[in-house]
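# Geometric and topological summary
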Amino acid sequence: MADYRTSSLKTPVDVAEYLFTRLHQIGVRSVHGVPGDYNLVALDYLPGTGLKWVGNCNELNAGYAADGYARVKGMSAIITTFGVGELSAVNALAGAYSERVPVVHIVGYPSTASQRDGMMLHHTLGNGNYNIFADMSRDISVVVAKLNDPSTIAAQIDHALQQCWVQSRPVYIALPTDIVRKKIEGERLKEPIDLHYPGNDPDKEDYVVDVVLKYLTAAKNPIILVDACAIRHRVLEEVHDLIEKTNLPVFVTPMGKGAVNETHPNYGGVYAGDGSQPIVKERVEASDLILSIGAIKSDFNTAGFSYHTSQLNSIDFHSTHTVVRYSEYPGVHMRGVLRKIINKIDLSKLSTVSGPTVKNAITENEDSSPTITQAWFWPMMGSYLKDNDIVITETGTANFGIWETKFPAGVTALSQVLWGSIGYSVGATQGAALAARDAGENRRTILFVGDGSFQLTAQEVSTMIRLGLKPTIFVICNDGYTIERFIHGMEAEYNDIQTWHYKDLVKVFGAKEGTYRTYQIKTKQEITALFKDAEFNSADKLQFVELYIPKEDAPRGLKLTADASAARNDKV
């Protein structure tokens, strides 16, 4: 008997095939996650659509890895199972939402019949409510799509993936077991999803551009300050064109590291309020006009809200609006405005005052002790980095220390400054290294993570080994939770951890002899020799470094931010 529901389809395809083909078209090549009985049939479709299954040690790590993959490749996907699996990933997906990272979360659901009948299935709360977990994800997803009706599924998928890309935030797709094999129209696959950003209203855009140009050409000492949303909302081409056209000094925030070519002569360093180097702080705060692009003014991104700048001297460009001094222009986003400023600026009317010169201050932070210090290490690390490296830093000393590192050209920096979930960086390293390989790029992936954070997600080194990835991992051995110590409880036992033989984990996780290198570094002389070692620099194998730094030592930016955080926590 003919199935009239599918007989009219020109090109019938199964729902899972449609979904995974769309992911492939957008650029995803590997899918993270953990198998579970509600997603197993869907997973069978991955190879046929050109996607590789990663398979992580747990869903939280998978979420972190998907986040790292998206930051390098543009978008990512994670597949979990209903209830127990998806909730394990929620922390990572909340981080992706907070930090504006486009991750597609696909959740294998019980069948629509089981949901309709309110059956007391495993992985449920036993109350027949099959909406509760999707409802939990609504506030950390820009779209929640429940694929229940074959007549609308293709449109739902396309809309969810489009919004994931355009808004640069996670989406949630519920895929019931009985829907996986349902036939839907495949003709739509011949046309790619429209991922173009919507344009501004031309009249409004022109007005805002004219207002910006009026203040910009009147300014005596303007600068550019680039933040995370310039990266997330993909306006770096406009940013670099603006720098080249105007020749203005450019600074980045901690979350904006990697947005600007730090070898450019106009690059002036990292601005983080009181956490900045004095010459950077003085230069930025003396400006009479700051062109702020993609700002996220969180506590850790501003060294405890310690900016000393005035909104009266600021123009803020965002993905959804523009703010000129105290006037806000909703719906006029930065992409179009920046491009017209570049095209229309009259350079003869523009005043430019050069900014500070940035270098890795190694000799300035040397002392007679062989002990490795935070102040010395991070500038020194800049001498080790190469063009186009991928650098991942963990919440804690690494996130703050990297402020003092001047990058070579093309470096991609990954961190989680706003969400700040410790352990994030280990999973993100796996995702970033895989993304670079999937893109066919020969880039080193380098992780800096504290020993306390590493203990939360150490299992993901096992996934790196299984996938044949070759990151270089520095575990900073400083006896526990340093950032917490500086906020409260320097000697408190709750900030202590069990000491591990960290480098031995590579062998424990099954790496074969000859496929990895391990190091234990305790002195300046040893780190200097390591950074000059040609074999180490080649990064042709997975490399694991135990790096010992005293417990009571921390980067200056961390100390200032921790003091501000402690004071804020005590405020009534």
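Here the structure is a predicted model, which is why all the values come from computation and not from measurement.

Our next topic: helix 11 (residues 278-285). Regarding helix 11, the residues found buried are V280, R283 and V284. The buried residues of helix 11 occupy one face: seen down the axis, they fall within an arc of 95 degrees. Away from the buried face of helix 11 by more than 90 degrees, exposed residues P278 and E282 are located.

This part is about the pairing of strand 16 (residues 390-393). Here strand 16 shows no split at all, with I390 and I392 on one side and V391 and T393 on the other all buried. With four bridges connecting them, strand 16 and strand 18 (residues 445-450) associate as parallel partners. Paired with I390 across the bridge in strand 18 is T445.

Under the criterion given, the structure shown has four cavities of 30 Å³ or more. Roughly 130 Å³ of volume is contained in the largest cavity. For the largest cavity, the lining is made up of 16 residues, of which T395, G396, G450, S453 and T482 are closest to its centre. For the lining of the largest cavity, the secondary-structure elements that each account for two or more residues are helix 14 (397-401), helix 16 (451-457) and helix 18 (482-487). The residue inventory of the lining of the largest cavity, partitioned by class, reads four nonpolar, nine polar and three charged.

This part is about the layout of surface pockets. Reported here for the largest pocket is a volume of approximately 690 Å³. Forming the walls of the largest pocket are 40 residues, and the residues nearest its centre are R71, I231, R232, L236 and T412. Of all the secondary-structure elements, those providing two or more residues to the lining of the largest pocket are helix 3 (59-73), helix 9 (228-232), helix 10 (236-246), strand 16 and strand 17 (412-414). If you tally residues by element for the lining of the largest pocket, the top one is helix 3, at four residues. Partitioned by chemical class, the residues of the lining of the largest pocket number 21 nonpolar, 10 polar and nine charged. Taken as a whole, the second largest pocket spans an internal volume of roughly 490 Å³. As for the second largest pocket, its lining consists of 29 residues, of which Q277, K359, A361, W403 and E404 are closest to the centre.

Cut-offs and rules
- Residues numbered from 1 in each chain as written.
- Predicted model: local features only at pLDDT ≥ 70, side-chain atom pairs only at ≥ 80, totals over all residues.
- Heavy atoms only, no water.
- Buried < 20%, exposed > 50% of the residue type's maximum accessible area, 1.4 Å probe, protein only.
- Helix = DSSP H or I, 4+ residues; strand = E, 2+ residues; numbered from the N terminus.
- Arc of directions from axis to C-beta.
- Pairing = 2+ DSSP bridges.
- 1 Å grid on protein atoms, 1.4 Å probe; cavity = no way out; pocket = protein on both sides within 12 Å on 5 of 7 lines; lining within 4 Å.
- Points joined across faces, edges and corners; volume = space filled by probe spheres on them.
- Nonpolar A, V, L, I, M, F, W, Y, C, P; charged D, E, K, R; others polar.

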